[in-house]
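Here is what each chain is made of, one letter per residue.
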Amino acid sequence: MDNSNIIRDEVLEQYLALEEKIKKYNPSVNVERLRYAYEFARESHGDQKRKDGSLFVTHPIATADIVADMELDEDSVIACLLHDVVEDTPVTAEEIAKRFGKDVALLVEGVTKLTRVVYTSKEEEQVENLRKMLMAMAKDIRVIIIKVSDRLHNMRTMNYQSAEKQRKKALETMEIYAPIAHRLGMQRVKWELEDLSLIYLDPIGYQEITCQLDNRRKTLETFMNDISNTITERMSSVGVECKVFSRLKHIYSIYRKMYSQNKEFNEVLDLCAFRIIVGNVSDCYNALGQIHDLYNPMPGRFKDYISTPKPNMYQSLHTTVIGDEGMPFEVQIRTWEMHRTAEYGVAAHWKYKQGIGSKTGNDEEKFAWIRSLLETQQASDAADFVHGLKTDMFADEVFVFTPQGEVINLPAGATPIDFAYSIHTAVGNLMTGARVNGRIATFDHILENGDIVEIMTSPSANGPSRDWMQIAKSSQAKGKIKQWFKKEKREENIVHGKAAFEAEMKRNNLSLNDLSGPDAILACLKKLSFSNFDDMYAAIGYGGLTSVRAVNRFREDIVVAKRQKRLEEKAAEATKESQQQPVRAEKRQHSVRGVVVGDLDNCLIKFARCCTPVPGDKIVGFITKGYGVSVHRAECQNRLNSGSRDNEDERWIDVSWGDIGSETYNTALTISARDRRNFVLDIATVLATAKVKITSLSAREVEGGQAVAFVSMDVHTRAELQAAIHRLSVIKGVTEVKRPGV
Ligand code: MN
């Protein structure tokens, strides 16, 4: 027979198996498009080889196979087939877009971007940043799913790589990819990644466990079979339809138990796990009851993740019971749907299926779940939502690299300035320029996820400029810039600060002269925690204190000082007066309502309504019949007219203003104006602005298109009244403001 006829095309067979798998879960898949992708990948990779000697294209096909196990959509599978084309061949993303559409190209580009990320050994904090960065860079969750599948296949075929590469990739997988798989709820992938990593990270530990398991395999298998049978029988006898699976725990979970709890292999008792899959939620609880009836539950080990799902969407009932031989084992009970989610997590929601968008309330809940998991925004319908699901869970952070591959976590919107200061204060202060992804960038360039940032420094750099404070996004950078100005530019700061402070004082109409001397000024500075003006000016200059805050502080003391000064002046005046009339001084203190009546003490006082005197007016008193002394203004018409009447002259006596205190005096005004709208309102407004209390206000029209308003009000002094009169007289249309009685 001709040999060439029986050379099997193993690659084609591998592809055809994949095609069959996809057709099973997605009967309407575009087979031509799929096959075209395969052919394009095969052609592009040409005769590139993998380390084991097989054609490189077997890798993307195998990766697509993993993704097909999760029943992902057509675009994802195609992107999988093409995922290394852009990285490893001359084919560009544009070409992929032309041949397979924009969606596929975006997925491939996303994976390529992640592939280009270079890792170095990291501390724990760095590792968390890396995980976040990968998720943030991916933008579309499917990119992460493809990348994780890619890693899974690489780990499966890692044995041909060098020992060093094996360890490096295994560590990366254990620290980055397994946790990402876990976060996305892809339990099965996570387990496999962990076990594969362990082979290279601790080969002896791995060997030990597999050997022990092999030694006991027979016993364990018998045990698992017996238990499975018992459970299956019991369930069918009570009419709960179910399928029972048993398995040995995965190796890394046994490994972790041995090392974290410091146990020997023999001491790790629960090596087996059972899973009961039932048709609906109520059967889950039925089954649980039956299990607890068959075996003794271990206290404290029952967990209900059905009513309270885990953040990664996982749902199940967990219990640990003790078998007949005293061997504990775990039982997980869940529905088929929960099972799929448990195995494939987020990926379970991309599975191709016509019914995926069936808008039952349950579906809504299911998607609300992912929504909360990924903190993504709402979408109009479920299918749309799934499609557009973005990994914007770290929207307020950005992750960038140093040229050495260290990940730096900065707030979103950060610039090279933030980056420089996060490396080291000196790097920031000596920065002269920056390169982002090899290109010169401006200082206000907004950094993006995955950017490689390089800072150029010079020992003779001038230091930060004041506008950096506005450009920097992180408080760390801002703080350090401030600090620099504080230290390095004291003289300059003092000049800047002094100018700002003085301008602000002037703006507020304040003067330091109003303070009562150097001590008062010093006290003011102390309250601001400074011992001299230069320190305060310097602080204002570098931005540690605003000029507004400083001036406010001074204002408080200036206001107090001014009030004090006024009181002292008044006191001084009073003293002067009392010195001029020393004999009567004592008596004069006896005033009633601020009025001192000749030699009389404590006589009844009333203020005449005709002329309503207020302190500061010249006044006279009139001794009434049985009603004490009535106080009039000296120029009161009534008083002037009374002179002609008999016996009245001697009833007028001298009175004067005494200590008036804070009392108010009711007085009145007559305001004439051209009649117009809002006249009364204007009066009220003017008096209110002058803080004069109105007790009554009325107005009426008089002949000649004029209006007259009568207002009575409470004032403290004549000066206050005169100020009010002045304000009223400039109201539009006012012709006269008059006090009554004269
Ligand atoms: Mn790959």
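The structure under discussion appears in the preceding block.
To keep things clear, this report deals only with the structure shown in the data block. (Residues numbered from 1 in each chain as written. Predicted model: local features only at pLDDT ≥ 70, side-chain atom pairs only at ≥ 80, totals over all residues. Heavy atoms only, no water.)

Overview of the sheet that holds strand β17 (residues 665-674)
For step 1, the next point in the chain: Taken together, the 4 strands give an open sheet; going across it, the order is β18-β19-β17-β20, and neighbouring strands pair in antiparallel fashion. If you trace the sheet from one side to the other, it starts and ends with β18 (693-702) and β20 (734-738), each paired once. Across the sheet, the mean angle separating the axes of adjacent strands is 20 degrees when strand polarity is ignored.
For step 2, the next point in the chain: With 4 bridges joining them, β17 and β20 adopt antiparallel strand pairing. Paired with S672 across the strands is E736, a residue of β20.
For step 3, the next point in the chain: Along the sheet face, helix α30 (residues 679-689) touches β17, β18, β19 (706-715) and β20 and points at about 155 degrees away from the line of β18. (Pairing = 2+ DSSP bridges. Helix = DSSP H or I, 4+ residues; strand = E, 2+ residues; numbered from the N terminus. Axes fitted to C-alpha atoms, helices over the stretch in contact; angles between N-to-C directions. Contact = heavy atoms within 4.5 Å.)

Describing the nonpolar core
For step 1, the next point in the chain: By size, the foremost hydrophobic cluster in this structure holds 65 residues, and its most contacted members are L82, I96 and L193.
For step 2, the next point in the chain: Looking at this core, the element that brings in the most residues is helix α10 (residues 141-156), giving 8 residues.
For step 3, the next point in the chain: Each of two domains, domain 1 (3-186) and domain 3 (395-488), supplies a minimum of three residues to this core.
For step 4, the next point in the chain: Listed in part, the 46 residues of the second largest apolar core include V400, M431, I455 and L545. (Core = buried A, V, L, I, M, F, W, Y, C linked by side-chain atoms within 4.5 Å. Buried < 20%, exposed > 50% of the residue type's maximum accessible area, 1.4 Å probe, protein only. Domains from an automatic or database assignment.)

Some words on the coordination of the manganese ion
For step 1, the next point in the chain: H59 (NE2), H83 (NE2), D84 (OD) and D150 (OD) make up the full set of protein donors to the manganese ion, lying at 2.1 to 2.3 Å.
For step 2, the next point in the chain: As a motif over one chain, the donors of the manganese ion read H-x23-H-D-x65-D. On the criterion of sequence distance, the pair formed by H59 in helix α4 (residues 58-69) and D150 in helix α10 is long-range, its members being 91 residues apart.
For step 3, the next point in the chain: For H59, a relative accessible area of 2% puts it in the buried group. (Donors = N, O, S within 2.8 Å, 3.2 Å for Na, K, Ca; no water.)

Some thoughts on the sheet that holds strand β12 (residues 595-597)
For step 1, the next point in the chain: Read from one edge of the open sheet, 5 strands run β12-β16-β14-β15-β13, paired in mixed fashion. Sheet topology places β12 and β13 (605-607) at the edges, where each strand pairs with a single neighbour. Across this sheet, the average inter-strand angle for adjacent strands is 35 degrees, counted without regard to direction.
For step 2, the next point in the chain: Taken together, the 3 bridges between β13 and strand β15 (residues 629-633) define a ladder with parallel strand orientation. Paired with I605 across the two strands is V629, which belongs to β15.

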